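Survey of secondary and tertiary structure
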Amino acid sequence: MRFRLGRHTYAAHDRLVMAIVNRTTDSFYDRGATWEDDAAYARVRQVIAEGADLVDIGGIKAAPGAEVPVAEELRRVVPFVEGVRAEHPDLTISVDTYRAEVADAVLAAGADVVNDAWGGADPDLPAVVAAHGAGLVLTHTGGQRVRTRPHRIEYDDVVAAVAESLLMQAEAAVAAGVERERIVIDPAHDFGKNTWHSLECTRRLDELVGLGWPVLVSLSNKDFVGESLGREVGERVIGTLATTAVSAWLGAHIYRVHEVRETRDVLDMVSVIRGDLPPMRVTRGLA
Amino acid sequence: MSASSRIVAAAVVPGTLLLLPEYAGRIDPIPAIRTAALAAVDAVVTAADRVVVVTAGDREPRHTKGPAGARVAATLLGEAPAEVVVVPWDAPVVVCRALGAAITGAEASGEGEADQAGGRWGLIIVADGSATRTEKAPGHYDPRAHAYDEVWLTALRGVDVDALLALDAAVAEGVLALGRAPLQVLAGAFGDGAAYTCGDITTDDAYGVQHAVALIRQRRNSLDCC
């Protein structure tokens, strides 16, 4: 299995860091830290220096909150995508949006991937992505409506439900013209899931990897980590990194994160242990 | 013509496992030594019709891979063919000297046949200095290490056969210098050494082990004189 993002081609054993860059005032973790242009451009430079393989730019927080109209979302992300593309010609740029209209504009502005974090909420999205020859991240939300929280959602088998939904979306995206090698699947921890569901998706991640599509996991500082450890937002980095290591061992390919440097080290360490990557520099006992 | 003059070139290279691809990381920790070792071995292969590798056996073999020095030499030689002579790491000097002479003598005893089949011989001597040069060295710090290394490196520079044969086996063992025996084989093969000259030596001890690469060639005038 190989997959492609932007100008880059990857192998099944590659493990990539996707750095979150929010153009929001109210996202749960960074709380508007990169709302201002200067801070956002600085964040992109920093995450590249820290080893990010791609960035994921978002203009709407995932959780419920103030309505962000299309025009406002466009204003938040399109000029920024243009600016990042101009400054970093080879960087893979993903944009987190569920709206086909926004996707069309950011892809025209230089983005490479659309991260459809709300699981096909806009049926026109795949065709737009296909028209630009871009990549598409598909997510499982269990039918949960955009920007709502799960309430009393239950599954007979959450992993089976995730697999079924993602396979259906993937085939639909291929039918809409999206390149097979540019489709990524994401079980979407915490989306349409309680903590038990997210933990089961983590424990059985190898089943999703086995579907044959590149797997993205978005674990960073999420509630399932917090509930597992009894840790509030701001205290979940270690739990996130432990979950990252387990997910990497089980074969996930792309990690959407706030903490780039730490994630890079965790992923590289797992890659080295698995024999997918030589150690950086080895002299102990050999000289 | 002395028998030893049939040896046209000798490379001295370290036996460090850092030179083996199976232990390589993403960053080469000894690029200068590797470059020099490859160049020295290539020079010997180019100059000689037959190449003999001389290496010490491992001090504490716990495997069936063969001596590390032989594998390092094979890596440096690539496709080039060579014979391998393994000398016990603790062989006494008289044994080493005799072995060196025997390598040369075996070549000489072939007489005309040897002259035709392989008149120009090259040696690859796999030899390290001490492994006790710093507190973080494999054998920790031994105050004798620097003096020991200075002696054998100076001897190589001057192709001083007597100084190589005078290396103290007990001190070498104490400072974990696995190269003592192969260097004394080299001395035995070189006769009085007068026919040879040593180029610049590349050295490194970043890991507390004295690595060195030397290329010793037959003097041009000794080739031309007859």
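Residues numbered from 1 in each chain as written. Chains lettered and ligands numbered in written order. Predicted model: local features only at pLDDT ≥ 70, side-chain atom pairs only at ≥ 80, totals over all residues. Heavy atoms only, no water.

1. With respect to the interface of chain A and chain B
- Taken together, the 11 residues of chain A in the interface contact 12 residues of chain B.
- Buried area between chain A and chain B, both sides added, is near 1,100 Å², and the carbon and sulfur share of it is 63%.
- Interface area lost by chain A to chain B is led by Met280, Leu286 and Ala287 of chain A, which between them contribute 53%.
- Viewed at the interface, chain B and chain A are joined by zero salt bridges.
- At the boundary of chain A and chain B, one finds nine residue pairs in polar contact (both at pLDDT 80 or more).
- Its residues assigned to classes, the side of chain A that touches chain B shows eight nonpolar, one polar and two charged. (Contact = heavy atoms within 4.5 Å. Buried area = accessible area lost by both parts, 1.4 Å probe. Salt bridge = Lys/Arg side-chain N within 4 Å of Asp/Glu carboxyl O. Polar contact = N/O pair within 3.5 Å; in protein donor to acceptor, adjacent residues only side chain to side chain. Nonpolar A, V, L, I, M, F, W, Y, C, P; charged D, E, K, R; others polar.)

2. A short note on the confidence of the model for chain B
- In this model, chain B carries a mean pLDDT of 91, and residues with pLDDT of at least 70 account for 89%.
- Low pLDDT, under 50, characterises residues 107–117 of chain B; the predicted model gives this stretch eight contacts beyond four residues in sequence or across chains. (pLDDT = per-residue confidence, 0-100.)

3. Brief notes about the pairing of strand 1 (residues 2–5) of chain A
Residues and elements named next belong to chain A.
- Where burial is concerned, the two faces of strand 1 differ: the one with Phe3 and Leu5 is buried and the one with Arg2 and Arg4 is not.
- Pairing analysis gives four bridges linking strand 1 to strand 2 (residues 8–11), with the strands arranged antiparallel. Counted as the bridge partner of Arg2 is Ala11 from strand 2. (Buried < 20%, exposed > 50% of the residue type's maximum accessible area, 1.4 Å probe, protein only. Helix = DSSP H or I, 4+ residues; strand = E, 2+ residues; numbered from the N terminus. Pairing = 2+ DSSP bridges.)

4. Thoughts on the side chain of Thr139 of chain A
Residues and elements named next belong to chain A.
- Secondary-structure assignment places Thr139 in strand 7 (residues 135–139).
- A distance of 3.3 Å separates a polar side-chain atom of Thr139 from the backbone oxygen of Ala117.
- Once you skip the residues sitting within four places of it in the chain, Thr139 turns out to touch Asn115, Asp116, Ala117, Trp118, Gly119, Leu166, Gln169, Asp186 and Ala188.

5. Digging into the state of the cysteines
Residue and element names in this part refer to chain B.
- Tallied over the entire structure, the rule returns zero disulfides over all chains.
- Sulfur of Cys96: no disulfide; nearest cysteine sulfur belongs to Cys198 and is 20 Å away.
- For Cys96, a relative accessible area of 0% puts it in the buried group.
- Residue class for Cys198 comes out buried when judged on its relative accessible area of 14%. (Disulfide = S-S within 2.5 Å.)

6. Things to note about unusual backbone geometry
Residue and element names in this part refer to chain A.
- The phi torsion at Arg152 lies on the positive side, around 60 degrees, for a residue other than glycine.
- Secondary-structure assignment places Arg152 in the loop between strand 7 and helix 5 (158–175).
- We classify Arg152 as exposed; its relative accessible area is 74%.
- We note that Asp190 has phi near 75 degrees; this positive angle belongs to a residue other than glycine.
- Position of Asp190 relative to the elements: it lies in the loop between strand 8 (183–186) and helix 6 (195–203).

7. Some details on the environment of Val86 of chain B
All names here are of chain B.
- Structurally, the position occupied by Val86 is in strand 3 (residues 83–87).
- The exposure class of Val86 is partly exposed, given its relative accessible area of 41%.
- Sequence-wise, Val86 and Gly69 are 17 residues apart; in three dimensions their C-alpha atoms are separated by 8.8 Å.

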